[in-house]
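# Structure assessment
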Amino acid sequence: MMTNRNVVREATESDVATQASVADALSSESRQAERFEVRRAELAAAALATLNDFGYARTSLREIAQKSGFSHGVFHYYFRDKVELITYCVREYKLACVGHYDAITSNATSAEQVRLAFAAALAASARDDTPMHRLWYDLRNQSMFDDDFHADVTEVDSSLETMIWTIVSTYAAFHGTEIALPRRTVYALFDGMFQQCLLDIHTGSADALATLQQGVWQLFPRLLVGFGSPDMA
């Protein structure tokens, strides 16, 4: 005859076994999901060279596969179509870029340091990652014609706008004043200068990066309430 203690022990052991089985299953699913994302990232990196060379409109998923060394079937397994692949590439890169600028605000000790550091960072990004930025603007333009891009472009655009606003807000705080222009306008001004720099690089201008840095440096004080005071020169 089983005692109550034995019954409790068996029930407890059964519960423990069940919990362990569930934990193993969840762990296995987690590892599979992680491997899936790692593979997607590898394929996206392989695809970027082709996308950077030819842009969105001139490249099919099959062409990307042929030039990257992976089969079309492999790409199709990890990405539904070219739209998903390209938006994945650009979104991941741009969101990572936003994080790189956090150090400017967290490490800054003066308004001048914010201004100089951001101008230098933008110029370096335009120089080092020109193809990816060109792809981003290509994708953003396509979003005006293809709704499939809209959600991802909006997400990236919003993150870039927030990054710009945070940096300018930090600059304004050091001056003890406020930003004179709306958030969206501030973003448009910096974005326009950056895009013009990419166009200048594409046409072979030797002064593209220096012009961008100077423009960014000059713009900062003009964004503030009280522009013209000696401490904002």
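Our structure's up above, just so we're on the same page.
Figured I'd write up the structure that's included with this text. (Residues numbered from 1 in each chain as written. Predicted model: local features only at pLDDT ≥ 70, side-chain atom pairs only at ≥ 80, totals over all residues. Heavy atoms only, no water.)

## A look at helix α8 (residues 150-175)
Since the α-helix advances by 3.6 residues per turn, residues separated by three or four positions end up pointing in the same direction. With 26 residues, α8 ought to run about 38 Å at 1.5 Å a step, and its terminal C-alpha atoms sit 37 Å apart, in line with that. Of the residues one or two after α8, Gly-176 is the one with positive phi, at around 70°. (Helix = DSSP H or I, 4+ residues; strand = E, 2+ residues; numbered from the N terminus. Expected span 1.5 Å × (residues − 1).)

## Looking at the pattern of salt bridges
Going through the model one piece at a time under the given rule, you end up with 12 salt bridges. Residue Arg-40 pairs with Glu-84 through a salt bridge whose shortest N-O separation is 3.6 Å. With Arg-40 in helix α1 (residues 4-54) and Glu-84 in helix α4 (residues 82-100), the pair connects residues that are 44 residues apart, well separated along the chain. Each of the two residues, Arg-40 as well as Glu-84, counts as buried. Ionic pairing is found between Asp-81 and Arg-80, a salt bridge with its closest N-O pair at 3.7 Å. Taking relative accessible area as the criterion, Arg-80 reaches 56% and is therefore assigned exposed. What emerges from the salt-bridge pattern is a single network uniting Arg-140, Asp-157, Glu-161, Arg-183, Arg-184 and Asp-191. (Salt bridge = Lys/Arg side-chain N within 4 Å of Asp/Glu carboxyl O. Buried < 20%, exposed > 50% of the residue type's maximum accessible area, 1.4 Å probe, protein only.)

## As for helix α10 (residues 208-222)
Taking 1.5 Å of rise per residue, the 15 residues of α10 would be expected to cover 21 Å, and the 22 Å separating its terminal C-alpha atoms lies within 8% of that figure. Residues of α10 that are buried: Ala-208, Leu-212, Gly-215, Val-216, Leu-219, Phe-220 and Pro-221. Packing partners of the buried residues in α10 comprise α6 (111-128), α8 and α9 (183-202). (Contact = heavy atoms within 4.5 Å.)

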